[in-house]
Every structure is written in C-alpha cells, then in structure tokens.
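Coordinate inspection notes
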Amino acid sequence: MATAVEEWVEAQARLAKPDRIVWCDGSEGEAYRLLEIGMEEEKLEGHPVFSPLNHKSWPKAYLHRSHPTDVARTEHLTFICHSDRAATGPNNNWMSPKEAKERLTHLSDGCMRGRTMYVLPYMMGHPESPYARACIQITDITYVAVSMRIMTRMGTFTLDKIRNSSNFVKGFHSVGDFSPDRRCIMHFPEENLVWSVGSGYGGNALLGKKCISLRIASWQGYKQGWLAEHMVILGIEDSKGHVTYVTAALPSACGKTNLAMMESALPGYKIWTIGDDIAWLNIGPDGRLWAINPEAGFFGVAPGTSDKTNPNMIKTLKRDLFNPTLFTNVALNPGTREPWWEGLDGPTPEYLESWQGRPWTGAEGTAAAHPNSRFTVSITNCPTLSKEYDNPQGVPISAMIFGGRRAQLIPLVTESHDWAHGVFMGARMGSETTSAAAGQTGVLRRDPMAMLPFCGYHLGDYFRHWMNIGHRLTRPPKIFSVNWFRTDENGRFIWPGFGENMRVLKWVIDRINGRVSARETPAGLVPRLEDLNLEGITVPKDRMEDLLTVDKEEWKAEVEGIREYLQKYKRRLPFEIDEQLRKMTADSE
Ligand code: GTP
Ligand code: SPV
Ligand code: MN
C-alpha cells in the first residue's frame, strides 16, 4: 500500500507530468551526481546550471547563474491562501485557496514535461528534536535539489519519521518558464502546503527556508504556543568561559549572518554560531525561552564578505569538509575561475565576467556581482559552530535583539523596560530596504520584528501572541534594539560595525547581569559612554555621544510614523501595544 507521502508525490506527478521521478536519499555522493547533471544536461539561458570554480582556492565550489529576472524574493507575488481572509492581515497578499489552486493547477499542468522531478525528504530541525518538522519538497531543477541538501537535514530518515502518517509539510516547486508573469509563491497554512512556480531564487524556491520555517511555521506557532522568527542564534563566551545565548532579528541583508559568526574585536570574548537566519522558540519547563535553528546551512549575501568583515565566513567557504558550496550570481574571474564580488579582499581582477556572464570593465557603472548575489554553504563547515548546534532541546535565551538599517535617529543600542515595552520595540522597528527583495532600495519601511515579509498571519494577532508568550515565561529574556547603520553628513557609517559590534553585545551581557546602569531616553535605555568598552576604537567621543542620543524633534516624527503604521492593525492590536503607543506619544510631547 502506498504511504501518504507516495500518494502525494504521485498526485503531483500526474499534474506536472515529469519524464522521470528521482527519490533523493540526501547523501553527499548524490549531491555530486546532481551537480554533474547540472553541469552537463541542464541549461539555463544557454549556460549550464552549474559550472565548477577553482577548487584549489575554493574547494568544492560551483557557480550558478540564475535567470536574469530571478535574483531576489518577490514579495508582490507571494500569497497567503487562508480560507479566512481576515486572518492573513494587511501585511500579506491574500488569495482564496480555491482561486489559488485553480491558478496553480493551470500553471503546473505539464510544467515538468521533459524534465526530472526530484523528491526531497528533509527535516527542519534535528531529527531527534521535539520541535523538528518533517517535510517533503519536489522540484524540477538540480540547483534547488543541491541547495536543499546543503540548507536542510535531508535524508531517508525523514520518511522513517513520517511513516504512514500525513504529518509532513508539503512543498511543490517548479521553475516553470521563469517568467515573472507566471510566477507565484503560494502558502496554504491550513494544509501545511507551499506551492511555488516560476522562480529558482532562494527564498522563493528553497521552500524549507522562508516559506515553511517562517510563513507556515509562524502560523503553527500561533496555534500551538511557540514562535518562528527571522533571527540569528548565537552564544557569547566571556573571558571567564561563561556562555550567554542571545537571538537577534534584523531584516534581510541587515547583518544577521555577520553577527552570527562575528570575530570579536574585544579580547577574551568569543562568538559561537548556532543559526544565521531563523529561530524556532519554545517555552521550556524552566520558564525560559529555548531556541533551535531549523536550518543546516547558510544562504548568505556575498557582497561585503571579506577576511576583514567576516573572516569566519571566508574560512567556512574555503573549508574542504562537508558538501559542495554554491555561489549564485557572483562575478567570475575567467582566467583563474575564481568567484569575485564587491568587497572581497585583494585587488579587483583586471578582467571579470559579470554575474550575467558578460565581460565587465567597471565602466558600466553597475556592480560585477549582483548586489543580492549569495553563497550556499553547510553550517558544519563553520569554524565557530557551537557545540550546542545539534542539541535537540536548543539553547536557553537570555536576550533578544531587534535591529534595522537606519541612517538617522535610532541609537546604537537601546534596552526596553520590560517584556511589553520590548515587544513594542520590535513592533515599531523600521529599516531601509535592501536588494534582498525586488523593488526600490534604501526606502524606510516599518518591518515589525523583521517579519513583515514572513509572518504568515495578521500582525495584530502576532503581537498579541508575543504578549501571551511573555505571560507564560517566568524567566523572560531581556529585549534590546540595535542600529549599526547611522551615517555622517557624507553618508559614511559612523559605527565601524562587524567585530566591533562585540562592544555592544558586551553591554547587553553586562545589563543582563546587572553590572552597569543605563540612561533613559525617549527610545528606551541607552548606555552611559563610560560603560562601553571603547578601547582602541577610532570613533571620536562626540560622535559616540551622537550614536547614543535621540533627537527630540526627529523622535516626534518617528512617533507619528509608528502610530500611523500600527493604525493598520488597529482592531487586532493587543491593548498592551495601544498602551505603549499612548505612553510613547505622551513622553515625546
Ligand atoms: P539575509 O540573508 O538577507 O537575511 O541577510 P543578513 O541579515 O544575514 O545580512 P548579512 O549579514 O549578510 O549582511 C548584509 C550586508 O550588510 C552585507 O553587505 C554586510 O557586509 C553588511 N553588514 C553586516 N554587518 C554590518 C555592520 O555591522 N556594519 C555595516 N556597516 N555593514 C554590515
Ligand atoms: C532574506 O531575504 O531574508 C534571506 C534570503 O535570508 S532568502 O532566502 O531569499 O529569503
Ligand atoms: Mn533572511
């Protein structure tokens, strides 16, 4: 008798009509066989799906060039298809499940003709974790199959977990004809189903990531009493060897990966990496919040990654240990077959091919690597990987940090007064947009908890859910906000960032342990300058003061912006958020 998984896969095959079906076992050998197929058989815009890079300098590295219109998440083509439209909120595009299925059935009918359908059984989370989820994705491109092998725990053990139950999250993926007109990423939270056609890009196509581990999981968490968040998880070891675990939510391309594997500029401190993008948070029997990283790899932004900014990532990428490493839409030095991107160490090679494979001289005024070019690499290659990474229970969280990219106003670091104020701090976050999503960059948008594009239900209900989680925690983490991105009158970053961010994390730990006091501002509690370790830092003292000052007039405008934005969620906002809004408005007058 066919299992529920087999029945589902067969039904998808009847619709998509692939020439053949391959059930993947998730072995490393299989990943290399798929790479061979991608190098020899599959073509995309005339070039192979994969080409090998220089394996002397970049072991196991392969280049993938995407379709030129398929380089970032497309939020306007992303839908939540819930039977109750009101449940999805103004923060999501909605389509009725019936209409969405009709559209998808039409787009998917015969979409795999002449192609292979790969069936990928994988776990989000350690298979032994009570918080893990079993998932099945089908796809018709080797790029996605290999990427999923790197990004998740893929293997037949998943099928043993599922057995004959229907308790698995389903993902249908086809690149279709890559046309943006026939592209859509649809989520069916009531059916544990994601259906994505027309894109091969990360967040649109590696369905275990944003689609399942955030949009579907956030809805499950809402129903079941836990949180799925766009957060890094890291351990901070102090000079006495004590490790404090914290999470941090920053919007796309705002510094999560860099923070997760930072090389501390403060002697005696060390960062241990657990996750760089997604955290699942459950309340433990001890009344604390415990975090696991459901993923098994990094899908990181290439530009700006160097030995100076993120030496641990360069080491990860060059390590000859587990799995192939993929580079997507970076530039290529055709002479040496080495990948290149803006911000990489060393001189710019004389001759480069752009991310689209065309000769590049720099005269074009455009970047050689796409600004959202990325690498896909196994987390197990990371030299700072925490020994707790595979712990099925996760790690206990002492602080949560919200951040954004703000050229003005928002202080380097701020602490909230309590849980409700902290949730409000997350809810009011704004950030200037980046190239991780299609559309204009550098525009300020409100991005509550860095979850605006990823919360699978009404943000008003989400804020209430956060408040409820707080009521159930007897030892809640402290909540902070950070901003690494304040600029001077010439548009240059004032704060050096990267490894120097350790100075801010140290203050966070000192506050957790009650070692230092803090100063009140309209935005919350900020450090006294003398409590920050600034030894060896080049930022002048008055500039440092600026980074910790909240301009009253600018803050008033900010308060107005926040109020206007949160108005959208009005009827579903929890009363605690209303209270915080009132208090903030009164304090700013
Ligand atoms: P997603 O993978 O899209 O979720 O992005 P992310 O939040 O992991 O961002 P990532 O760490 O990849 O950083 C994105 C960009 O911000 C890169 O170009 C980094 O070089 C830059 N960046 C990261 N941290 C800092 C920092 O502390 N200061 C400054 N100025 N730039 C930073
Ligand atoms: C992000 O955009 O937040 C990413 C990359 O981490 S993607 O997987 O495309 O969502
Ligand atoms: Mn992300």
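So, a few notes on the structure that sits alongside this text.

**Some details on the sheet that holds strand S20 (residues 297–301)**
Two strands in a sheet stick together by hydrogen bonds in their backbones, pointing the same way (parallel) or opposite ways (antiparallel). One open sheet holds the five strands; their spatial order is S4-S5-S21-S26-S20, and the pairing between them is mixed. Taken across any chain shown, the strands that pair with only one partner, and hence form the sheet edges, are strand S4 (51–52) and S20.

**Regarding the packing of aromatic side chains**
Counted according to the given criterion, the structure contains 21 aromatic pairs. A ring pair is formed by Tyr462 and Trp466, whose centres lie 6.4 Å apart and whose planes are at 75°; its orientation type is edge-to-face. Of the two residues, Tyr462 and Trp466 both sit in helix H12 (residues 459–472), four residues apart, roughly one turn of that helix. The class of Tyr462 is buried, set by a relative accessible area of 1%. Each member of the aromatic cluster is reached from another via a ring pair, and the members are Trp219, Tyr222, Phe402, Trp419, Tyr457, Tyr462, Phe463, Trp466, Tyr565 and Tyr569. Over the aromatic face of Phe188 sits the side chain of Lys101, whose NZ or CZ is 4.8 Å from the ring centroid. In this structure, Lys270 packs its charged tip against the face of Trp272, placed 4.4 Å from the ring centre.

**A word on the coordination of the manganese ion (ligand 3)**
Around the manganese ion (ligand 3), the protein contributes the donor atoms Lys210 (NZ), His230 (NE2) and Asp277 (OD), which lie 2.1 to 2.5 Å from the metal centre. Every donor counted, the six donor atoms about the manganese ion (ligand 3) form angles of 65 to 173° at the centre, which fits irregular coordination. Motif for the manganese ion (ligand 3), donor spacing along one chain: K-x19-H-x46-D. With Lys210 in helix H8 (residues 208–224) and Asp277 in the loop between strand S17 (270–275) and strand S18 (279–283), the pair connects residues that are 67 residues apart, well separated along the chain.

**Here we look at the pairing of strand S28 (residues 399–403)**
For S28, the buried fraction is high: five of the five residues fall into the buried class. Burial along S28 is two-sided: Ala399, Ile401 and Gly403 and Met400 and Phe402, pointing in opposite directions, are all buried. With four bridges joining them, strand S16 (residues 243–249) and S28 adopt parallel strand pairing. Looking across to S28, one finds that Thr247 is bridged to Met400. In this structure, S28 lies alongside strand S32 (residues 478–482), joined through five bridges in parallel fashion. Its bridge partner being in S32, Ile401 is matched across the sheet by Phe480.

Cut-offs used in this document
Residues numbered from 1 in each chain as written. Chains lettered and ligands numbered in written order. Predicted model: local features only at pLDDT ≥ 70, side-chain atom pairs only at ≥ 80, totals over all residues. Heavy atoms only, no water. Pairing = 2+ DSSP bridges. Helix = DSSP H or I, 4+ residues; strand = E, 2+ residues; numbered from the N terminus. Phe/Tyr/Trp six-rings, centres within 6.5 Å; stacked < 30°, edge-to-face > 60°. Buried < 20%, exposed > 50% of the residue type's maximum accessible area, 1.4 Å probe, protein only. Lys NZ or Arg CZ within 6 Å of the ring centre and 35° of its normal. Donors = N, O, S within 2.8 Å, 3.2 Å for Na, K, Ca; no water. Tetrahedral: all angles 85-135°; square planar, octahedral: opposite > 155°, others 65-115°.

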